[in-house]
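Breakdown of the fold
Single-letter residue listing:
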Amino acid sequence: MRVKLGPVTLDYAWTSRLDLVDAEQRMAVVAVEGRESHGQGAASATIQSHLIAEGEKTRVHVETDVTVSGRPAQFGRGIMQDVSVGILDDFARRLSRLLAERDAVAGDAPAPESR
Amino acid sequence: MKSTLAGEPRAEMTAQPVDEAPWPLLTSGVGLIGASVLRKEDALLLSGSRSFADDLHPARLVHAVVVRSPVAHARIRSIDVGEALAQPGVVGIFTSADLPPELPPIPMRMFSQPGMERFLQRPLASDTVRYSGDPVAVVVAETRYLAEDAAELVAIDYEELEPIVTADRALEPSCSVLHPLAGTNLAGRFVVEYGDVVAAFAAADLVVEARLNVQRHAAVPLETRGVVAEVDERTGLLTVTGAAKIPHVNRSILSRLLDWPERDIRFVELGVGGGFGARGEFYPEDYLVPFCSLRLGRPVSWIEDREEHLRSCNHSREQIHEIGLALTADGRFLGLRNRLLNDAGGYVRTHGLVVPGMTAALLPGAYRWPAYRCDVHHVVTTKTPAGTYRAPGRFEANFVRERMIDMAARRLGMDPVELRRRNLVSSDEMPYATGTHADGHPVVYDTGDYELLLDKGLEHVDWHELRRWRAEDAGPRRRRGLGVAMFVEKSGIGQWEYARVELTRSGRARVYSGGASVGQGVDTVLAQICGESLGVRYQDVDVFHGDTASVPEGMGAFGSRVTVLGGSAVLTAATTLRERLLETAAAQLGAMPGELELVGSRVVRRSGSGEGIGLSRLIELAQEAEPPNRVPTGDGLPVISEEAHFRSDDMTFPYGVHYAAVELDIETGQVDVHRYCVAYDVGRAVNPVLVEGQIVGGVAQGIGGALLEELAYDDSGQPVAASFMDYLLPTAAEVPRVEVLVTEDAPTFRNPLGAKGAGEGGTAAVGAAIANAVSDALGVEVTRLPLSPSHVVALATTGTGG
């Protein structure tokens, strides 16, 4: 995985696993562990996603707990926050488009709204 | 302070009380002392021709990069250097396994306690890393780029342990122990006390108590550290360039660590882009670079980058105070008691207990306290090790004490200036034994008229006008406040200094000083003192320091000591030289020495009558009378020379007052410093403009500590301000014009110049004065620094520090 944080490009060798899938609670937890392939840093994250029904729509609540060491930890917390929000927004937008395209093919179900 | 590392020098002059002082105060014959002459250093600096450590590129040079721990606290499971070592251009990689097994840790050179050696740092971590930045390996390659690339491939497997981010947590019984062999996170503990504190608090009409914090910040010199080491295979001479602050002391430490004879090690100081206490201490890299050079048989250079600097050069200032002040209803101080937690970071470094020791010794400040107790805890945490930074321990102490006095004044409904005035030590009590001590030495204020300086400063800033300004309506979001902070500084630690003064046939003088330059104008000041004592122009004096090959011994530049001790040594040597010269000439000319003077390259009669005698002839005569000097001279040409050591076991105590007027915005939290004035008595200013420069620069650094700078850590022990994106230094936008009032009302009797050190008073009370002014503006008590925008907004909206 390659991440660009402002002036710094980071390559991570990473593994992820589904720690929890709870269909009843509509919740999933993904744990990710990464190590910089060039550099002394590491990163780990726990991503907890929760689906909440809101009438016709579904709200996805994502909570991420990230621990970072090495250069990205020192270079601008602000940048890291901005970049991860940007990545998530991007993801939501693409997912939304993907679902919309699929629904357009399948029928007339309403498109989810991304946040 | 102990000077055992550099050996005990001969003492030729010792400080004594004023009526027994063996010297008359030097009078300004040539008019050089007290003259604001231009700096001798500046021509080279301004033309860009001064060399710094990174300018040095000897043939066959290789470059070192240090691999550092990315985590706060971990056990090292394994280190694999295989892939890194296979990279092109890599000439060597060293880990702790490559260092000699008997290698001792980096020693303390000051204020140590038995047991503290268990907390010292080895040049490379072996099984445990204790802060983000702890050196684990060093990679050496043909270029810096190749070394950086290879360093990224050193594979280290860490098993993370509990990060210990606060001193409070470190002392909890459930906290893990950072140095298991020590069995505790309390690296040092001592109590400074006198009088009956319990009785004083029992008898008080008012007791003010608070928990006050000073944040971790650092010196951050413009030039980062740099070391270039080179060994001459033929002679075995190891040359270490990039030395600063204490070249002779560090040579001694290196000799011990490398087990390499001291006479075969040469330390060379080049230009130094700021020191402020941090640069020039002995760090892991000061061992590693010479070690690599010896192992590889090639010159090795290591130049610290800024990110490394912020994670590995000494941090400073982080203290927690639980303090109480007892006083009477009419504002008489009865007692001060304090529990101090000093955050040492991951290891104890060279300064030992100096920083909290200075806090405990000087916390009483300019006031009379019938009873005092300071219980000091020096605590290790998983952060970068801490050491001294300009006004070490005093920036903190002054913030704490002066804040408490303002809190007490508010509670009593009394003017803070008046409350201070009622408790000042008066001039007729001098010399004044405070009852405290620093590293075993009793703190005895030598001279001073604190109230006089307070009043001079109030008049200088026009305090009445400032009070009128404060009362004006500044607008709905704006608040104005005034703050005063008084303090007693200390200067001239390190007990002794060496100087040699030579006079050449042409009438040019050379000064060889054991002091060092960190950019403060040493060459100029020592040339002025030499010129004055010898009777030559300061332009005709060349000053040498920082090279152990030409200066046999010395203590260096720290604790505002170079003018006080180094200058006094130059004065002693130059005065003796002049006397010898005039006596020799007098014998030749059939005159009395007092009738003669040195003019250019000749000694002539003051009256202008009769024959003179040339320096060439006098030097011949002097050399006939005495075998040539022990120390070889620079160019081998004959000179007449004298050496001296100046010794003083007692520090001198300059004192000052800071006056701050601030206007702040309660919505943005921005603090604008409207006026800032420093009144400082230095006993005697050898060069008033340089003193002023020291104070202005000092205030700028103090503003950083008061408003901006914070080496913050997150819960996992990661430093979150390891670049200038997040570590905010003051710029021209934040630093006000500093109004300086230098006075010379209280020359010291502890040296023949009457001078007290001027290096630290500009920084010492900025945190205190700004915090008092912000508290005044908001009507809320500031209890911690820095006063960042979010902090100020929190104070304005909730009345607490957030």
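Residues numbered from 1 in each chain as written. Chains lettered and ligands numbered in written order. Predicted model: local features only at pLDDT ≥ 70, side-chain atom pairs only at ≥ 80, totals over all residues. Heavy atoms only, no water.

1. Notes on the overall build of chain B
Note the cut-off: Only DSSP runs of H or I with at least four residues qualify as helices, and only runs of E with at least two residues qualify as strands; both kinds are numbered from the N terminus onward. Each radius of gyration reported is based on C-alpha atoms, and the globular scaling rule is 2.2 Å times the count of residues to the power 0.38. For this analysis, residues touch if any pair of their heavy atoms sits within 4.5 Å. The sign given to each residue is positive for Lys and Arg and negative for Asp and Glu; His and the chain ends receive no count. Note on charges: their place is set at NZ of Lys, CZ of Arg, CG of Asp or CD of Glu.
Summing up its helical and strand segments, chain B has 20 helices and 31 strands in all. The C-alpha radius of gyration of chain B comes to 27 Å, within 12% of the 28 Å expected for a compact globule of 802 residues. Taken along its principal axes, the extent of the C-alpha atoms in chain B is 85 × 70 × 50 Å. A separation of at least 24 residues holds for 81% of the contacts in chain B among residues at least 6 apart in sequence. Distance from the positive charge centre (76 side chains) to the negative charge centre (106 side chains) of chain B: 1 Å.

2. As for the pairing of strand 1 (residues 2-5) of chain A
All names here are of chain A. Using the following cut-off: Burial classification: accessible surface area is computed with a 1.4 Å probe over protein chains only, and a residue below 20% of its type maximum counts as buried, one above 50% as exposed, and the rest as partly exposed. Any two strands with at least two DSSP bridges between them are considered paired.
Of the two faces of strand 1, the one holding Val3 and Leu5 is buried and the one holding Arg2 and Lys4 is not buried anywhere. Note: strand 1 against strand 2 (residues 8-22), four bridges, orientation antiparallel. Within strand 2, the position partnered with Lys4 by the bridge is Thr9.

3. Describing the sheet that holds strand 9 (residues 206-214) of chain B
Residues and elements named next belong to chain B. Convention followed: A fitted line through C-alpha atoms represents every axis, and for helices the fit uses only the stretch in contact; the resulting angles, taken between N-to-C directions, go from 0 to 180 degrees.
On the basis of which strands lie adjacent, the open sheet formed by five strands has the order 8-18-17-16-9 and mixed pairing. Sheet topology places strand 8 (186-194) and strand 9 at the edges, where each strand pairs with a single neighbour. For this sheet, the mean angle separating the axes of adjacent strands, direction not counted, is 10°. Examined bridge by bridge, strand 16 (residues 319-327) and strand 17 (residues 333-345) share nine bridges and lie antiparallel to one another. In the strand pairing of strand 17, His321 is matched with Leu340. In this fold helix 9 (residues 354-362) packs onto strand 8, strand 16, strand 17 and strand 18 (371-380), with an angle of close to 165° to the strand it touches most, strand 18.

4. Some thoughts on the sheet that holds strand 3 (residues 74-80) of chain B
Think of a sheet as strands paired side by side through backbone hydrogen bonds, with each pair either parallel or antiparallel. Spatially, the three strands line up as an open sheet ordered 5-3-7 (chain B), and their pairing is antiparallel. Single-partner strands in this sheet number two, and they are strand 5 (128-129) and strand 7 (155-160) of chain B.

As far as function goes, none of this settles anything; it's purely spatial.
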